[in-house]
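# Descriptive structure summary
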Amino acid sequence: MVDLTRRQLLSTSAAAALGASVFGVASGEEVEETDTPGAPSVKGSLKRFSTTAFGAEVTGPFVFEDGSLLYSLQHPEAENPEPFGRAAVGYFSGFQFEFDGSNDDFPEVGVPDTEEKQRQVRSGAGNYEILVQGREPINDGTERLGVPQTPDGTDITTDTFDVAKGGAGQGPDCNQFVATNDEGTEGYLFTNWENVPGSISRVPLSQDDDGEWSADSDAAMNLVNTEAFRDIGGTRTNCYGDLSPWNTMISAEENYAHPRLHLGATVGDIVEAGTGAGLLGGCQFWNRPQPAGISNAISTYAENGDIDEAWTPQGAWSQLGNEGLAYYLGAEHVDDRGDGDATTPIDDVYPNPYRYGYFVDIRDPAADTPRPIKYWVMGRAAWEAPDIQGDRKTVYMCSDGDSKGIYKFVADEPIDGYENVDDIAGTLYAPKITNDSASAAESDARNSPAQTPLDVEWLELGHATNGEVASWIAEYDDVTQADYLSAHADWEEGDEVTTEVIKQADLSVIENGNQNYITNEEIVAWAEQYEANGPDGVDEELRRVPFLEARAAAKEIGASIEFNKAEGVDSVDDSQPGDFVYFGISEFNDALADDEGDIQLDRVDGGVVYRGVLESDYNISTLEPVITGPDFTDSPEDADDALRNIDNVYTMRDGRVLCCEDGFGGPARSYPNDGLYVYQPNVIVGVGSAAVGGGSTGSVPLTASSLPAGFSGARLSVSVSNPEIASITGVSFPDALGLTESDISDDGSSAIIRVADVDTNVQSGAMDVELATLDVRADGGGTTDLTVSVEQMDDENGNAIDAETQNGLVVGGPKTVVGDAAPSDPDGDGRFEDLNGNGRLDYEDVQVLFSNMDSDSVRLNTGAYDFNENGQIDFADVTALYEEVN
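Just so it is clear, the structure is predicted and the values come from calculations on it, not from any experiment.

Scanning the chain from terminus to terminus reveals 17 helices and 41 strands. For 886 residues, the compact-globule formula gives about 29 Å, and the C-alpha radius of gyration of the chain, at 28 Å, lands near that figure. Dimensions of the chain, computed from the C-alpha atoms along their principal axes, are close to 90 × 65 × 60 Å. Residue burial in the chain is summarised as follows: out of 886 residues, 61% are buried. In the chain, the proportion of contacts linking residues at least 24 apart, taken out of those at least 6 apart, comes to 67%. Of the roughly 31700 Å² that the chain leaves accessible, carbon and sulfur atoms contribute 42%. Looking at charge distribution, the chain has the averaged site of its 48 positive side-chain charges lying 2 Å from that of its 165 negative ones.

This brings us to the environment of A766. Note that A766 resides in strand 38 (residues 766-778). As for A766 and V720, which are separated by 46 residues in sequence, their C-alpha atoms are 28 Å apart. Non-local contacts of A766, meaning those with residues more than four positions away in its chain, are made with S705, S706 and L707.

A regular strand places its side chains on the two faces of the sheet in alternate fashion. Where burial is concerned, most of strand 34 (residues 713-720) is hidden: six out of the eight residues are buried. As paired elements, strand 34 and strand 37 (residues 750-756) share seven bridges and run antiparallel to each other. Considered in strand 37, the bridge of G713 is made with A756. Inspection of the sheet shows strand 34 paired to strand 39 (residues 782-794) by eight bridges, in the antiparallel sense. Counted as the bridge partner of S719 is T787 from strand 39.

Our focus in this paragraph is the sheet that holds strand 39. Taken in spatial order, the six strands make up an open sheet running 32-41-39-34-37-36, and their pairing is mixed. Every interior strand has two partners, whereas the edge strands, strand 32 (690-692) and strand 36 (739-744), have only one. Sheet twist, expressed as the average angle between the axes of neighbouring strands with direction ignored, equals 20°. Two strands pair when backbone bridges link them, and strand 32 and strand 41 (residues 808-812) are joined in this way by three bridges, in the parallel orientation. Following the sheet pairing, A691 is matched in strand 41 by V811.

The sheet built from five strands is open, its strands ordered 35-38-33-31-40 with mixed pairing. Of all the strands in the sheet, just strand 35 (726-732) and strand 40 (803-806) have a single pairing partner and so form its edges. This sheet shows a mean twist of 25° between the axes of neighbouring strands, independent of strand direction. As paired strands, strand 31 (residues 683-687) and strand 40 are joined by four bridges and run parallel to one another. Bridge pairing in strand 40 links I684 to E804.

Further remarks concern the nonpolar core. Core analysis: the largest hydrophobic core is formed by 176 residues, its most contacted members being F97 and W526. Take this core: its biggest share by element is six residues, from strand 23 (residues 454-465). Discounting chain neighbours no more than four positions away, the residues touching F97 are V63, D66, G67, L69, D105, F106, M652, R656, L658 and V678. In terms of nonpolar packing, the next biggest core, distinct from the first, is built from 35 residues, V687, L707, V718 and L786 among them.

A cis amide bond links E82 with the next residue in sequence, P83, at an omega value of 5°. Mapped onto the fold, P83 is located in the loop between strand 4 (69-74) and strand 5 (88-93). The peptide bond linking V196 to P197 adopts the cis configuration, its omega dihedral lying at -5°. As for its position among the elements, P197 is in the loop between strand 11 (186-193) and strand 12 (199-207). Phi at R392 takes a positive value of approximately 65°, unusual for a residue other than glycine.

Moving on, we get to the packing of aromatic side chains. Each aromatic ring pair is characterised by the separation of its centres together with the angle its planes make. This model, assessed by the stated rule, comprises 33 aromatic pairs. The interplanar angle of 75° and the centroid separation of 6.1 Å between the aromatic rings of Y582 and Y679 together place this pair among those described as edge-to-face. Here Y582 is found in strand 25 (residues 580-585), whereas its partner Y679 is found in strand 30 (residues 675-681), with 97 residues between them in sequence. Overall, Y582 belongs to the buried group, its relative accessible area being 2%. Consider the rings of F850 and F875, whose centres lie 6.2 Å apart with planes at 50°: the pair is tilted. In this pair, F850 sits in helix 14 (residues 843-851) while F875 sits in helix 17 (residues 875-885), placing the two residues 25 residues apart along the sequence. If you follow K408 out to its NZ or CZ, it ends over the ring of Y429, 4.9 Å from the centre.

Turning next to the environment of G578. By the secondary structure assignment, G578 is in the loop between strand 24 (566-571) and strand 25. G578 sits 110 residues away from G688 along the chain, and the two C-alpha atoms are 8.2 Å apart. In this structure G578 touches V613, L614 and Q806, once residues within four positions along its chain are discounted.

This part takes up the packing of helix 14 against helix 17. Here helix 14 crosses helix 17 at 175°, and the two axes come no closer than 9 Å. Viewed along their axes, helix 14 and helix 17 adopt a mutual orientation that is roughly antiparallel. Together, Y843, D845, V846, L849 and F850 of helix 14 and F875, D877, V878, L881, Y882 and V885 of helix 17 make up the contact between the two elements. For the contact of helix 14 with helix 17, the per-class residue count stands at nine nonpolar, no polar and two charged.

In this section: the confidence of the model for the chain. Low-confidence regions, as indicated by low pLDDT, have predicted coordinates that should not be scrutinised in detail. Chain-level statistics for the chain give a pLDDT mean of 92 and a share of 94% at 70 or above. The low-confidence segment residues 2-29, where pLDDT is below 50, has 55 contacts with residues more than four positions distant or belonging to other chains.

A separate point is the pattern of salt bridges. Any two side chains of opposite charge can pair, so long as their charged atoms come close to each other. Under the definition given, this model contains 37 salt bridges. In this structure, K565 engages E567 in a salt bridge whose closest nitrogen and oxygen atoms are separated by 3.1 Å. Given the relative accessible area of 7%, K565 is considered buried. On the accessibility criterion, E567 (0% relative accessible area) is buried.

Assignment of secondary structure puts D746 in the loop between strand 36 and strand 37. C-alpha separation for the pair D746 and A87, spaced 659 residues apart in sequence, amounts to 67 Å.

So, on to the state of the cysteines. Here the structure, examined in full by the defined rule, presents zero disulfides. Cysteine C283 remains unbridged, with the sulfur of C239 as its closest cysteine sulfur at 18 Å.

Moving on, we come to a negative patch on the surface. A grouping of E332, D347, D348, E492, E493, D495 and E496 is seen on the molecular surface, where their side chains present a negatively charged patch. Structurally, D348 can be placed in the loop between helix 6 (322-328) and strand 17 (359-363).

About the cut-offs
Residues numbered from 1 in each chain as written. Predicted model: local features only at pLDDT ≥ 70, side-chain atom pairs only at ≥ 80, totals over all residues. Heavy atoms only, no water. Helix = DSSP H or I, 4+ residues; strand = E, 2+ residues; numbered from the N terminus. Rg over C-alpha atoms; globule rule 2.2 N^0.38 Å. Buried < 20%, exposed > 50% of the residue type's maximum accessible area, 1.4 Å probe, protein only. Contact = heavy atoms within 4.5 Å. Areas by Shrake-Rupley, 256 points an atom, 1.4 Å probe, with all protein chains shown as cover. Lys, Arg positive; Asp, Glu negative; His and termini not counted. Charge placed at Lys NZ, Arg CZ, Asp CG, Glu CD. Pairing = 2+ DSSP bridges. Axes fitted to C-alpha atoms, helices over the stretch in contact; angles between N-to-C directions. Core = buried A, V, L, I, M, F, W, Y, C linked by side-chain atoms within 4.5 Å. Phe/Tyr/Trp six-rings, centres within 6.5 Å; stacked < 30°, edge-to-face > 60°. Lys NZ or Arg CZ within 6 Å of the ring centre and 35° of its normal. Parallel < 35°, antiparallel > 145°, perpendicular 65-115°, else oblique. Nonpolar A, V, L, I, M, F, W, Y, C, P; charged D, E, K, R; others polar. pLDDT = per-residue confidence, 0-100. Salt bridge = Lys/Arg side-chain N within 4 Å of Asp/Glu carboxyl O. Disulfide = S-S within 2.5 Å. Patch = residues over 30% accessible without salt bridge, like charges linked within 9 Å, V, L, I, M, F, W, Y side chains within 5 Å.

Here it is in structure tokens:
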């Protein structure tokens, strides 16, 4: 997301340029000159469905069960004609997606080449009908949509409090519909509002017999104005989110105020320098009286020689909302902050910084008062979105902003299966990009992000329960602005608060960090113990560090916290191994394109969309670029129809992806408006993977992901990269394909497969089409790739299908480790727990592994015996297997 304040500035400057029929874009001289290969490009096809009104982002897409589409009109320019001059949520009347995998179900909307077109929401199909608008009366007139209130019912806006941030009721983002009937025609629309304090609204929706939707504003409510939300501290900057597998709204807190470090700095840098000057982030000044004034104060200190030079701490601008949160929680209103010199501290009620920057699950969504749950154990960040996988345990997460990250959380058990949410237990991970091609380390010429996949290793940060993290957070609940002064200056309660007192406190924090919260020393100690003993070997009092200070902790152990504006992540509902997860990186610049870190690639200010394939354990090990935006010095001819600055991504059930834009007013295009695009992936022809015991035979499917234009036939080949480990022994075909033929090489290293759908049983829009099944025999220990090649593939009209391939893997178990029986994989997870070959896991298997760790049959089968999943065979694998037995 783009902060509303910055948006308003862009909108004002852009509005001045309107008058000619086409908006005058910024010149190439205003951005770094770039000419990145593959920018822009698409691996598949991209089609523009809609452009939004002037000044607004496209956010919060949602597709109903019948294919109806809605999205948010987020903070449009007020001078747009009604109804496009106010924030709103609307749907496209008269249109439904057909879910056949093809973009042929709508015509592309043209570019908005006149001021009239730029001032409205336009689409290639259907009419944008407003359902609700921000700040309109709801709940029988006791509230305004999207506007948080104090406990006594006072609206928290800039009209009533000068410390409210983000334009309450102007930034609708995520929308999730929770149906309350089987037909999916009645239910509640949950909407995030990017305010501080944050807001989440619930609006009843219903669909009539003609397919038209309507909202009941009188029965709507702002959930954050309930005591249940105040009890957890409320929310902050509710951004995008997800519909959980258990049918609840998951709201993400995009806590831009959370950085304790500036951009790429680490706590170790501060310790080495002996000061945090130029290195501290804005959150170190969280409880300063008038915290948003720290940037001006630092400039003054630099001018006066108190510090060597000025800097603007990352996230300092977002501290403006801290005092508004205090009033939301019930603090007594202190002096006016508008003059910039106010010094009176809030000393009665003040928000705890560690309560913001989490995912909020709205449990009991249809109750009179839904129950909010924060997933503290998933870590604290500027969360844009989560994506919960089909195992209900694995969650991929993206944190918005500069030098941030993508993260992973894996619960011990399905998240919704815990009776008490405090018992939710799991492990938090940060990414490490490992391939040399992603950096300039071995080459003077940078690679293009459009052509360079990223190999990901996930670094374990720590394991905890939700209740444990909640207890750690609670220890900081009573810290106020008065504590900032008493801890860092010669000041006590009752003393006068002068600008000199605040200066003394500020300079102390700059030099030594904020002592009211987790200290620099604690983070360094955690990292040292982590490096020496692993994530489970740190002192009890330090276990909190990676959960409450996730970004700082991940940086300290060398994770790749370099992603700039990670603004979207999504997969199909109930995702399974083999499915794609899409990650949207709005801008590929700054830390991704500098001369440091694990990622040093060409700059693409228009951003990149990556996709990862879920492996058997729901892990993702490679991020493949599939959409690359334009360079901002490209001509409109190249940029007008390209996806620019990806924001929300939404994967529909037919595999297509809705791509929203957040790039208003930037260079490259001939028009200023953001748009909604629909990405249609290429057909994927893929072969599955299997773990096969030594001397045994298993089967793997050969499938096509989707066939939007039908199918007439194909000629394919599948080969085994190492026939000493596995060989192809047979091919079978589904009855639906009328003509089939296969030819297997004498050594079983390859098979040619020919199929024809002579009876037209495979219809247009078919998904997950089985083409053949291959029998593979494990002839040796180790792993071998199954490589697919498409020699020819035609649709039902005889046109060539542009298909990509997805390779598989065979894990061959050794013929024997001990005795005559072959080891086996009793639970089908790809690892051979049954080493003695008796068909079950027992203590003898642990002993066999312990005694044979150095044998070739084990060493050459890392994938089969790496039970602790660290990529190698070691004694920790023996321990991990022993724990499985017990």
